[in-house]
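# Analysis of the macromolecular model
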Amino acid sequence: MKSMKNLLIASALGLASYASMAAEHQDKPVRIAAPFEIKGTDPALSGDILLRMDVVETLVEVNERAEPIPALAQSWQVSADGLQWQLNLRPNVRFHDGSPLDAAAVVKSLNTARSKAGLLDKTPIAAIRGEGQRVTITLSEPFTPLLSVLAESRSQILALASWDAQDNITRIIGSGPFMLTSFQPPQSLAVKRFDDYWGEKPAIAAASYLSSGRAETRALLAESGDADYVFNLDAASRQRLARKPALQLPAIPVPRTLMLKLNAGDPLLAEQPVRAAISMAIDRNALAMAVLRYPGAASQLFPPNMGEWHNSALQPLQFNPQLAAQQLQATGWTLGADGVLTRNGQRFSVTLLTFPDRPELPLMAMVIQQQLRKVGIEVKINSTNASEIPAQHHSNRLQLALFSRNFALTPDPTGTLLQDYAEKGGDWGAMNWHPAGFSAALHTLTQSTDTAERAQARNLITASLQQDLPVIPIAWYQQSAAINSKLKNVTLDPFERHFGLRQMQWEQ
């Protein structure tokens, strides 16, 4: 009898010890490294990082089919005329400072977002009002993608104490499952689990984020074990790290397209046949295989994983340098003595902006430079800060820019298109390009719920982009990461909204 009692005691002690060890194991912080720079407390600048780290939340989330689902708003209704949206806030939600989620915080957060350049300022909102746990958004005209806009990172909801007396956001007080413990722009932040979170509690107790713009540095962080989750790998590093048993390397297709933006108002690029010739001079298959090292050549702007936005009826973009040369000649360009095209005494020489945050971009720029040189176009590459592209867009100095664009910034890409391809163009979209009917088609998508009307509008938009080429699609994107093999339940988010911290667990 005594031996049985001792056995039970030993078992109990063993279980307690195991539980203690398991809990202790989950206390190990997850160290994340990614290329995104922390630009400050303003959600308009760094809201995406705070959402990825699960510090802040939005009223609406997104499921795996890109459909809006309840988050801080547990339900919503829209009036019959489409002008009034009523959102019912989730009860018993607290911010990280202990204050409750209420309409006042939501109204303040959304009105702040509306006051800055983004998606909410392009939404026809007449007023945002609220009381208690109910918020009402009144529109000046119907706007069907409203829920998608509310899911965007810049529409994050903060506690009222986040603003100072001068109405500036000086503290990030969110409601997510992790709360900030350190905030060191532009490079790092740290979080810990928020024990009063309204939803399922994460297993991971803490995490840190390090901004590292150079892909080689991020790969070394993964290889040396100094980071547990390294986001966005270059192809060469991916192949090298694949041989490391201590790492797992997931990769998924994402609705992101690598593209060349052209200033359609620039005298050298204003003619559609010239833009078409540039497109035909680029060997996308060779580019994708040489730089990305997977068959990701883009035949149109929207990749196949974008469902109804991928228009299979479009004639695919082709590589045909001979036809490109003929087309340039037909528009009056002739080869000069140095092999560069000239017309009326002007050389066809353009500057291409890109940036190294995404490691494949400078490499792709160099290959494009060589390919365009073969048809007589001289390209000067300026690999600089990403912010230079919007700056030169606004000053109208930009000629070419190479970057990648995620069309799932909002679950419905209409929101991203409104930002990039509206009448005045956008930083990461068209420039000086206003085709007939395009704005009307975008408007239809924001107002109509008729399936046939919406399909017709999408067809017009995709056909116009393919025909006029205000941007030239180069490659469809795969996202990849290097992850400590002892970190479990890690999945890459195809919408690039979250790192997945709330699902992660350390191996026991």
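Each chain has its residues counted from 1, following the order in which its sequence is written. In keeping with the model being predicted, local features are shown solely for residues with a pLDDT of at least 70 and side-chain atom pairs are shown and tallied solely at 80 or more, while totals for entire chains, interfaces and linings include all residues. The basis for every side-chain value is the complete set of non-hydrogen atoms in the structure, without hydrogens or water.

This brings us to the overall build of the chain. Helix and strand labels come from DSSP, where a helix needs a run of H or I of at least four residues and a strand needs a run of E of at least two; each type is numbered from the N terminus. From N to C terminus, the chain includes 14 helices and 22 strands. Using C-alpha atoms as the atom set, the radius of gyration is obtained and then compared with a globule rule of 2.2 Å times the number of residues to the power 0.38. Taken over the C-alpha trace, the chain has a radius of gyration of 25 Å; the compact-globule value for 508 residues is 23 Å, and the two agree within 12%. Its C-alpha atoms give the chain principal-axis dimensions of roughly 100 × 60 × 45 Å. Relative to its 508 residues, the chain shows a buried fraction of 53%. Within the chain, contacts between residues separated by at least 24 positions form 69% of all contacts whose residues are at least 6 apart in sequence. Relative accessible area decides the class of each residue, using a 1.4 Å probe on protein chains only: under 20% of the type maximum gives buried, over 50% gives exposed, and in between gives partly exposed. Residue contacts are counted whenever heavy atoms from the two residues lie within 4.5 Å of one another.

The strands that make up a sheet pair up through hydrogen bonds in the backbone, lying either parallel or antiparallel. One open sheet holds the three strands; their spatial order is E14-E15-E16, and the pairing between them is antiparallel. Of all strands in the sheet, those with a lone pairing partner are strand E14 (334-335) and strand E16 (346-347), marking the two edges. Two strands pair under a simple rule: DSSP has to find at least two bridges between them.

Examined against the element boundaries, alanine 203 turns out to sit in the loop between strand E9 (188-193) and strand E10 (206-211). C-alpha separation for the pair alanine 203 and isoleucine 125, spaced 78 residues apart in sequence, amounts to 39 Å.

Nonpolar core, defined: a set of buried Ala, Val, Leu, Ile, Met, Phe, Trp, Tyr and Cys residues in which side-chain atoms within 4.5 Å join the residues together. By size, the foremost hydrophobic cluster in this structure holds 138 residues, and its most contacted members are Met53, Leu59, Ile137, Ile278, Phe348 and Ile474. Element by element, the count of residues in this core is highest for strand E20 (residues 471-484), at seven residues. If you look at the next biggest cluster of nonpolar residues, it comprises ten residues, including Ala222, Val230, Leu247 and Ala482.

Taken N-terminus to C-terminus, the directions of helix H8 (residues 284-292) and helix H10 (residues 360-373) make an angle of 145°; their axes are 10 Å apart at the nearest point. Relative to H10, the crossing made by H8 is right-handed. Two secondary-structure elements touch here, H8 through Leu287, Ala288, Val291 and Leu292 and H10 through Glu360, Leu363, Met364, Val367, Ile368 and Gln371. For this classification, the nonpolar set comprises Ala, Val, Leu, Ile, Met, Phe, Trp, Tyr, Cys and Pro, the charged set comprises Asp, Glu, Lys and Arg, and every other residue, Gly included, is treated as polar. A class-by-class count of the residues in the contact of H8 with H10 yields eight nonpolar, one polar and one charged. Only the contacting stretch of a helix is used when fitting its axis, a line to C-alpha atoms as for every element, and angles between N-to-C directions run 0 to 180 degrees. By definition, turning the near helix anticlockwise from the far helix through less than a right angle yields a left-handed crossing, and turning it clockwise yields a right-handed one.

Okay, the pattern of salt bridges next. Any two side chains of opposite charge can pair, so long as their charged atoms come close to each other. Any Lys or Arg side-chain nitrogen located within 4 Å of an Asp or Glu carboxyl oxygen qualifies as a salt bridge. Enumeration over the complete set of coordinates arrives at 21 salt bridges. Its salt-bridge partner being arginine 256, residue glutamate 496 comes within 2.6 Å of it at the nearest N-O pair. Taken as a pair, glutamate 496 in the loop between strand E21 (487-488) and strand E22 (505-506) and arginine 256 in strand E13 (residues 251-262) lie far apart in primary sequence, 240 residues in all. The class of glutamate 496 is buried, set by a relative accessible area of 7%.

The geometry of an aromatic ring pair is captured by two quantities: the separation of the ring centres and the angle between the planes. Between 30 and 60 degrees the pair is tilted, below 30 it is stacked and above 60 it is edge-to-face, where a pair is any two Phe, Tyr or Trp rings, Trp via its six-membered ring, whose centres lie within 6.5 Å. Summed over all chains, the structure comprises eleven aromatic pairs. Aromatic side chains tyrosine 197 and tryptophan 198 sit 5.2 Å apart centroid to centroid with 45° between the ring planes, which places their arrangement in the tilted category. On the accessibility criterion, tyrosine 197 (4% relative accessible area) is buried. Ring centres 5.0 Å apart and planes at 70° place the aromatic pair phenylalanine 302 and phenylalanine 407 in the edge-to-face group. Of this pair, phenylalanine 302 sits in the loop between H8 and helix H9 (321-330) while phenylalanine 407 is found in the loop between strand E19 (400-406) and helix H12 (414-421), placing the two residues 105 residues apart along the sequence. A single burial state applies to phenylalanine 302 and to phenylalanine 407, both of which are buried.

As defined by bridge partners, strand E1 (residues 30-34) adjoins E10 across five bridges and the pair is classed as parallel. Bridged to arginine 31 within E10 is serine 208. The pairing of E9 with E10 spans five bridges and is antiparallel. Paired with valine 191 across the bridge in E10 is alanine 207.

What follows concerns the sheet that holds strand E7 (residues 134-139). Across the sheet, four strands lie side by side as E4-E5-E7-E6; this open sheet has antiparallel pairing. Strand pairing shows two members of the sheet lacking a second neighbour, strand E4 (73-78) and strand E6 (125-131), which therefore form its edges. Here the strands of the sheet are splayed against their neighbours by 15° on average, with no regard to which way each runs. As judged from the six bridges shared by E6 and E7, these two strands associate in the antiparallel manner. Bridged to glutamate 131 within E7 is arginine 134. The strands touched by helix H3 (residues 103-114) are strand E5 (84-89), E6 and E7; relative to E6, the strand with the most contacts, the crossing angle is about 160°.

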